[in-house]
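If you want the building blocks of each chain, they are given just below.
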Amino acid sequence: MTQAQEAAITNTRTLVGRVVSDKRSKTVTVLVERNVKHELYGKIAARSRKYHAHDEKGEFHMGDMVEIAETRPVSKTKNWVVTRLVEKARLV
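Residues numbered from 1 in each chain as written. Predicted model: local features only at pLDDT ≥ 70, side-chain atom pairs only at ≥ 80, totals over all residues. Heavy atoms only, no water.

Chemist: Give a detailed account of the overall build of the chain, specifying residues and quantitative values.
Modeler: When helices and strands are counted, the chain shows one helix and five strands. For the chain, the succession of helices and strands along the chain, N to C, is α-β-β-β-β-β. Considering only contacts within the chain whose residues lie at least 6 apart along the sequence, 51% involve residues at least 24 apart. When the accessible area of the chain is evaluated, it comes to approximately 6,800 Å², of which 51% is carbon and sulfur surface. (Helix = DSSP H or I, 4+ residues; strand = E, 2+ residues; numbered from the N terminus. Contact = heavy atoms within 4.5 Å. Areas by Shrake-Rupley, 256 points an atom, 1.4 Å probe, with all protein chains shown as cover.)

Chemist: A description of the nonpolar core should follow, citing residues and the corresponding values.
Modeler: One finds Val-19, Val-28, Val-30, Val-32, Tyr-51, Ala-53, Phe-60, Val-66, Ile-68, Trp-80 and Val-82 forming the largest nonpolar core, which totals eleven residues. No other element matches strand S2 (residues 27-37), which puts three residues into this core. The contacts of Val-66, once residues within four sequence positions are left out, are Leu-15, Val-16, Gly-17, Val-19, Val-30, Phe-60, Val-82, Arg-84, Leu-85 and Val-86. (Core = buried A, V, L, I, M, F, W, Y, C linked by side-chain atoms within 4.5 Å. Buried < 20%, exposed > 50% of the residue type's maximum accessible area, 1.4 Å probe, protein only.)

Chemist: Before we move on, could you go through the side chain of His-54 and cite the residues and values that matter?
Modeler: Counting through the fold element by element, His-54 comes out in strand S3 (residues 44-54). The exposure class of His-54 is buried, given its relative accessible area of 9%. Of the polar contacts made by the side chain of His-54, one reaches the backbone oxygen of Lys-26; its length is 3.4 Å. A polar side-chain atom of His-54 sits 2.8 Å from a polar atom in the side chain of Glu-56. (Polar contact = N/O pair within 3.5 Å; in protein donor to acceptor, adjacent residues only side chain to side chain.)

Chemist: Give a description of the sheet that holds strand S1 (residues 14-21) that names residues and reports values.
Modeler: As summarised here, the arrangement of the five strands in space is S1-S2-S3-S5-S4, forming a closed barrel in which the pairing is mixed. Taken pair by pair, the neighbouring strands of this sheet meet at an average axis angle of 50 degrees, ignoring direction. Bridging between S2 and S3 involves eleven bridges; their strand directions are antiparallel. Looking across to S3, one finds that Lys-37 is bridged to Ile-44. (Pairing = 2+ DSSP bridges. Axes fitted to C-alpha atoms, helices over the stretch in contact; angles between N-to-C directions.)

Chemist: How would you explain the pattern of salt bridges if you had to name every residue and give the values?
Modeler: A side chain with one charge can pair with a side chain of the opposite charge if their charged atoms come near. Counting across every chain of the model gives five salt bridges. The partner of Arg-13 in a salt bridge is Glu-70, with the nearest N and O atoms 3.0 Å apart. Residue Arg-13 is located in the loop between helix H1 (3-9) and S1, and its partner Glu-70 is located in strand S4 (residues 65-70); the two are separated by 57 residues in the primary sequence. Judged by relative accessible area, Arg-13 falls into the exposed class, the value being 52%. Close ionic contact of Lys-26 with Glu-56 constitutes a salt bridge, the shortest N to O distance being 3.1 Å. With Lys-26 in the loop between S1 and S2 and Glu-56 in the loop between S3 and S4, the pair connects residues that are 30 residues apart, well separated along the chain. Classification of Lys-26 as partly exposed rests on a relative accessible area of 39%. (Salt bridge = Lys/Arg side-chain N within 4 Å of Asp/Glu carboxyl O.)

Chemist: Lay out the pairing of S1 with the relevant residues and their values.
Modeler: By the bridge criterion, five bridges tie S1 to S4 in an arrangement that is antiparallel. Looking at S4, one finds that Thr-14 is bridged to Ala-69.

Written out as structure tokens, the structure is:
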């Protein structure tokens, strides 16, 4: 069973974000953006965070919208694995 299948079966946290880097071998960097409301002033602010996710076959590229799931540590910085492609990058 692969890590992507293992993550899909178990009840794990999943996030959706855009691939911003695919230069590393078997790794993609995913930018996850979320909107949060300021607790005092009520203004909606955008917050973002980058995650390193495991991509065994190297099939995801810059601009792709992907879903990542939390998994056991793969390396020092990788605790996430790409589970599926949500939207392919559009060519301009």
